[in-house]
Amino acid sequence: MTEAILLVGGKGTRLRPLTVHTPKPMVRAAGVPFLTHQLARARAAGVDHIVLATSYLAEVFEPHFGDGSSLGLHIEYVTEDEPLGTGGAIRNVASRLHSGPDDPVLIFNGDILTGLDIRALVHTHETTGADVSLHLTKVTDPRAYGLVPTDETGRVLAFLEKPQTPEEIVTDQINAGAYVFRRSIIDTIPAGRPVSVERETFPDLLAAGAHLQGLVDSTYWLDLGTPAAFVRGSADLVLGRAPSPAIPGRCGDRLVLPTARVAADAKLTGGTVVGEGAFVAEGARVFGSAILPGAVIEPGAVITDSLIGTRAVVGERSVLTGTVIGDGAIIGADNELRDGMRVWCDARIPAGAVRFSSDQ
């Protein structure tokens, strides 16, 4: 297999304010744009030609990755004028593929962090003669996902909507967002209109008698659609729990990129990453967090499971837990920001303005 399509057109609405200025796949995880990890893993699996299906902030991708040669890839870019959904995006880039009608084409979403054995998925596809093969993963609580039951051979039986009652939970297998298509199947997707592979293409293929094969691979899998998940994914990459050939340094408790400065008595743990040009001052403690390039963490600040945007400032003694600070925002001294709080880009919070405990 030599070709892949990467779906990177989503607006990343659930990730705002991280995606106000940056498309979701370009937000930094473990020191590099998340997309870099996906491209590197595809290359390691033998892919050499990748088409990026872009839409939101499409102009950001090509200046960063160019023709892909620095990663050992040939990358092409196709931009949707209007969002076309997963299936429509796949159909929209079909003309850039070089594969023959029966050749496999790998397709994956730009927001999934996974340890999937890509070669195993392709092998399953080829040995079973499937029209489409899907990576499936098992989850403890499948209520938030569409379910994909299979028979004893792995053949897909149905695509079920999110279960509403316990009786509807007939499997713990869900669609994990990576596929191998027979090249000719891509041409059957309607062109020029929005199409969802999950809600339209796959059910229609199944109804028409096509062979859809599932591969259950329960290695690391995480949907990075929410800020909390994105922060966790970045930390897991730094810690080595999630595999990637693109981490710019050794895995461990911390990753400090070149030109970042960290005071000698600052404590960085839990998979924390400090981006280029960022500064972590004396007495600061940072656990499991991502400090993006140019951000400043002032003396005595305590940051846990949070993401601090590019050029943002966290003031002295401020305590942040499970929060996201947008690019250029300034958090004054002695603030407390707790789980789920999002501070928008360039916002200003005065000293001591937000607290969950007494100031004494």
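Residues numbered from 1 in each chain as written. Predicted model: local features only at pLDDT ≥ 70, side-chain atom pairs only at ≥ 80, totals over all residues. Heavy atoms only, no water.

A few words now on helix α4 (residues 118-128). Residues separated by three or four positions in an α-helix point in the same direction, a consequence of the helix having 3.6 residues per turn. Among the residues making up α4, those that are buried are I118, L121, V122, T124 and H125. Buried residues of α4, seen end-on, are gathered within an arc of 155° and therefore sit on one face of the element. Of the residues in α4, the exposed ones pointing more than 90 degrees away from the buried face are R119 and T127. Looking at the buried residues of α4, the elements they touch are α1 (34-44), β6 (104-109), β8 (132-138), β9 (173-182) and β10 (212-216). (Buried < 20%, exposed > 50% of the residue type's maximum accessible area, 1.4 Å probe, protein only. Helix = DSSP H or I, 4+ residues; strand = E, 2+ residues; numbered from the N terminus. Arc of directions from axis to C-beta. Contact = heavy atoms within 4.5 Å.)

Read from one edge to the other, the open sheet built from 6 strands follows the order β13-β16-β19-β22-β25-β28, with strand pairing classed as parallel. In this open sheet, the two edge strands, each paired with only one partner strand, are β13 (261-262) and β28 (348-349). Of the strand pairs in this sheet, β13 and strand β16 (residues 279-280) are connected by 2 bridges, and their pairing is parallel. Looking at the pairing, V262 lines up with V280 of β16. (Pairing = 2+ DSSP bridges.)

Counting 30 residues, the largest nonpolar core has I5, I107, L134, F181, I186, F202 and L212 as the members making the most contacts within it. Of all the secondary structure elements, the ones that give two or more residues to this core are β1 (3-7), β4 (49-54), α3 (85-92), β6, β8, β9, α5 (183-186) and α6 (197-207). In terms of residue count, α6 provides more of this core than any other element does, 4 residues in total. If we skip the residues at most four places from it in the chain, I186 touches I5, I90, R91, A94, L97, V105, I107 and F181. In this structure, F61, I75, Y77 and L116 belong to the second largest nonpolar core, which totals 25 residues. (Core = buried A, V, L, I, M, F, W, Y, C linked by side-chain atoms within 4.5 Å.)

Among the secondary structure elements, L136 is positioned in strand β8. On the accessibility criterion, L136 (0% relative accessible area) is buried. Residues L136 and G249 lie 113 residues apart in sequence; the distance between their C-alpha atoms is 31 Å. With residues up to four places along the chain from it excluded, the contact list for L136 reads V148, T150, Q173, I174, N175, A176, G214, L215, V216 and D217.

Attention shifts here to α3. By the burial criterion, the buried members of α3 are G87, G88, A89 and I90. Buried residues along α3 sit against β1, β4, β6, α5 and α6.

Across all of its chains, the model carries 6 aromatic pairs by this definition. Between the aromatic rings of Y145 and W221, the centroid separation amounts to 6.1 Å while the plane-to-plane angle is 65°, which identifies the pairing as edge-to-face. With Y145 in the loop between β8 and β9 and W221 in strand β11 (residues 221-223), the pair connects residues that are 76 residues apart, well separated along the chain. By relative accessible area, Y145 is classed as partly exposed at 27%. In textbook terms, an aromatic cluster arises when at least three aromatic residues are bridged by ring pairs, as seen for F159, Y179, F181 and F202. (Phe/Tyr/Trp six-rings, centres within 6.5 Å; stacked < 30°, edge-to-face > 60°.)

Next up on the list: the sheet that holds strand β5 (residues 74-79). Ordered by their spatial adjacency, 7 strands build an open sheet running β5-β4-β1-β6-β9-β8-β10, and the pairing between neighbours is mixed. Whereas interior strands pair on both sides, the edge strands pair on one side only; in this sheet they are β5 and β10. Between one strand and the next, the sheet's axes are offset by a mean angle of 25°, whatever the strand orientation. The pairing of β6 with β9 spans 5 bridges and is classified as antiparallel. Considered in β9, the bridge of F108 is made with A178. Where α3 meets the sheet, it contacts β1, β4, β5 and β6, and its direction lies at approximately 140° from that of β1. The sheet contacts of α4 involve β6, β8, β9 and β10, and relative to β9 the element is tilted by about 65°. (Axes fitted to C-alpha atoms, helices over the stretch in contact; angles between N-to-C directions.)

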